[in-house]
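# Residue-level structure breakdown
The residues making up each chain are set out below.
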Amino acid sequence: MLTKLDDTASTLSRRLRTPTPAVAIVGATGAVGVELLQCLERRNFPLSRLRLLASARSAGRTLPFAGREIAVEELGEASFEGIDLALFSAGSGISRQYADAAVRAGAIVVDNSSAFRMHADVPLVVPEVNGAALASHSGIIANPNCVAAIATVALAPLHRAHPIRRLNIATYQSASGAGAAAMEELRESTAAYLRGESYRPRILPHPYAFNFFSHNAEMDQESGYNGEELKVIAETRRILGADELPVGVTCIRVPVLRAHGMAITATFDEAVTPEKARGLLADAPGLKLVDDRGANRFPMPSEASGQDDVLVGRIRKDLGDPSGRSIALFVVGDQLLKGAALNAVQIAEALLVR
Ligand code: A2P
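Now for a description of the structure that goes with this document. The shown structure was predicted, so the numbers you read here are calculated from the model rather than taken from an experiment.

Cut-off values and rules
- Residues numbered from 1 in each chain as written.
- Predicted model: local features only at pLDDT ≥ 70, side-chain atom pairs only at ≥ 80, totals over all residues.
- Heavy atoms only, no water.
- Helix = DSSP H or I, 4+ residues; strand = E, 2+ residues; numbered from the N terminus.
- Rg over C-alpha atoms; globule rule 2.2 N^0.38 Å.
- Buried < 20%, exposed > 50% of the residue type's maximum accessible area, 1.4 Å probe, protein only.
- Contact = heavy atoms within 4.5 Å.
- Areas by Shrake-Rupley, 256 points an atom, 1.4 Å probe, with all protein chains shown as cover.
- Lys, Arg positive; Asp, Glu negative; His and termini not counted.
- Charge placed at Lys NZ, Arg CZ, Asp CG, Glu CD.
- Patch = residues over 30% accessible without salt bridge, like charges linked within 9 Å, V, L, I, M, F, W, Y side chains within 5 Å.
- Salt bridge = Lys/Arg side-chain N within 4 Å of Asp/Glu carboxyl O.
- Near = heavy atom within 4 Å.
- Polar contact = N/O pair within 3.5 Å; in protein donor to acceptor, adjacent residues only side chain to side chain.
- Nonpolar A, V, L, I, M, F, W, Y, C, P; charged D, E, K, R; others polar.
- Pairing = 2+ DSSP bridges.
- Axes fitted to C-alpha atoms, helices over the stretch in contact; angles between N-to-C directions.
- Parallel < 35°, antiparallel > 145°, perpendicular 65-115°, else oblique.
- Left-handed = near helix turned anticlockwise from the far one by under 90°.
- Expected span 1.5 Å × (residues − 1).

### Thoughts on the overall build of the protein
Tallying secondary structure elements over the protein gives ten helices and 14 strands in all. Computed over C-alpha atoms, the radius of gyration of the protein comes to 21 Å, within 12% of the 20 Å expected from 2.2 N^0.38 for 354 residues, which places it in the range of a compact globule. Oriented by its inertia axes, the alpha-carbon framework of the protein measures out at about 70 × 60 × 45 Å. The burial tally for the protein puts 50% of its 354 residues in the buried class. Nonlocal contacts in the protein, meaning residues at least 24 apart in sequence, comprise 67% of its contacts between residues at least 6 apart. Accessible surface computed for the protein: about 15,700 Å², of which carbon and sulfur atoms make up 52%. Counting 37 positive and 39 negative side-chain charges, the protein places the averaged centre of each group 2 Å from the other.

### Some details on a nonpolar patch on the surface
Taken together, the side chains of Tyr-193, Leu-194 and Phe-210 define a hydrophobic patch exposed on the protein surface, amounting to about 390 Å² of accessible area. Its place among the elements puts Phe-210 in the loop between helix 6 (180-194) and strand 9 (213-214). The class of Phe-210 is exposed, set by a relative accessible area of 55%.

### A closer look at the site of the ligand
Taken together, the neighbourhood of the ligand is formed by 15 residues, with Thr-29, Ala-31, Ser-55, Arg-57 and Ser-58 sitting nearest. For the ligand, an oxygen atom lies 3.0 Å from a polar atom in the backbone of Gly-30. Protein chains bury 69% of the 570 Å² of accessible surface belonging to the ligand in isolation. Of the residues contributing to the shell around the ligand, the split by class is seven nonpolar, seven polar and one charged.

### Observations concerning the pairing of strand 10 (residues 247-253)
Among the seven residues that make up strand 10, five are buried, leaving the element largely enclosed by the rest of the structure. Relative to strand 10, strand 8 (residues 164-173) runs parallel, the two sharing seven bridges. When the sheet's bridge partners are listed, Thr-171 is paired in strand 10 with Cys-251. Pairing of strand 9 with strand 10, which is carried by two bridges, proceeds in the antiparallel orientation. Its bridge partner being in strand 10, Ser-214 is matched across the sheet by Ile-252.

### Focus: the environment of Met-262
Tracing the backbone through its elements, the reader meets Met-262 in strand 11 (residues 259-268). Take Met-262: its relative accessible area is 0%, and that puts it in the buried class. Between the alpha carbons of Met-262 and Glu-69 there is a distance of 37 Å; along the sequence they are 193 residues apart. The contact partners of Met-262, leaving out residues within four places of it in the chain, are Val-147, Ile-150, Ala-151, Ile-169, Ala-170, Thr-171, Tyr-172, Leu-329, Phe-330 and Val-331.

### Regarding the packing of helix 2 (residues 31-42) against helix 10 (residues 337-350)
Close contact between helix 2 and helix 10 brings their axes to 9 Å; oriented N to C, the two are set at 45°. Classified by the angle between their axes, helix 2 and helix 10 sit oblique to one another. The way helix 2 lies across helix 10 gives a crossing that is right-handed. For the pair helix 2 and helix 10, contact is made by Val-32, Glu-35, Leu-36, Cys-39, Leu-40 and Arg-42 and by Leu-337, Ala-340, Ala-341, Leu-342, Ala-344 and Val-345, respectively. Broken down by class, the residue content of the contact of helix 2 with helix 10 amounts to ten nonpolar, no polar and two charged.

### Overview of helix 7 (residues 227-240)
The end-to-end C-alpha distance of helix 7 is 20 Å, a good match for the 20 Å that 14 residues give at a rise of 1.5 Å each. Every buried residue of helix 7 is accounted for by Glu-228, Glu-229, Val-232, Ile-233, Glu-235, Thr-236, Ile-239 and Leu-240. Next to the buried residues of helix 7 lie helix 4 (127-130), helix 5 (146-161), strand 8 and strand 10. One or two positions beyond helix 7, positive phi appears at Gly-241, with a value near 65°.

This is a description of form; function is not addressed.
Shown next as structure tokens:
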């Protein structure tokens, strides 16, 4: 009985302290910040107050929310007074600097950066996949890397039915993952290219118009893997609860504005037919099958952009593994939604007092 009471008390204390929380968005003017605002509004999140925070550069600007204009304030240590929920999306440095101040003020932090994702007391959560991990946290919850979030929505239903023993992933990642300025660079450089003008990249390291290149995250010279790839490996394992899962990955930046694609080959511990895999994916939350061989129609960024659902298709036997234990898929999800803002808001919804 005592254990049960303790459990109830601690579970409650890990939820938001009020059914109508005061919410702060850190990085409100960024590519993800703007989507956070729209997700909160579109999903009727029951907030009592909204505080928009960004750098001094944006102080005084306003952003629209629910038919009103809300002023952006400069982020500071005192920004979290009276805040119950703080959604951080201004990069790891800002999260490391200010997340503790938000927790000290009594807020729960949902952090979109990589700052705390591998900390043992910080759950790394995709609600459809491992929402139960929210039962235990110390004030900070990490929102995963966009590729890991999108991939695990498609992999979890398969992994639950047939444990995955090996993964290979090749990504086709959009500009939005590098922020609003990178999206602008894609637009501007494409327009310049079409006018026949030269364009000097400012945000990304290589020409972006009609080009693609290895992901711009820092390269580990010894392993030959870049920081994005290392995040995808570590976070996919953590979200799926498969610490030792062998994962091979190649991350590529492609000239698409806001949806990431990924070709995935999953090897299971037993033979799995494409029909079985398709059945498991067809009924899974957060997923939509787009798998029309007759029409040669499969997931595309143009269709995934602006959609909450992750699209999955090209479900077939991997002919590179004659054992029949490997399935190939193509998955596309909106990087700003399921890969960032939507997942963060879904985490916040799961923390609401019911
Ligand atoms: P600002 O627009 O004032 O620079 P993105 O990922 O699209 O590049 O967005 C980054 C977000 O992080 C923006 O909202 C940006 O605000 C915010 N940001 C960057 N540096 C700081 C800082 N020093 N303090 C507060 N917010 C910051």
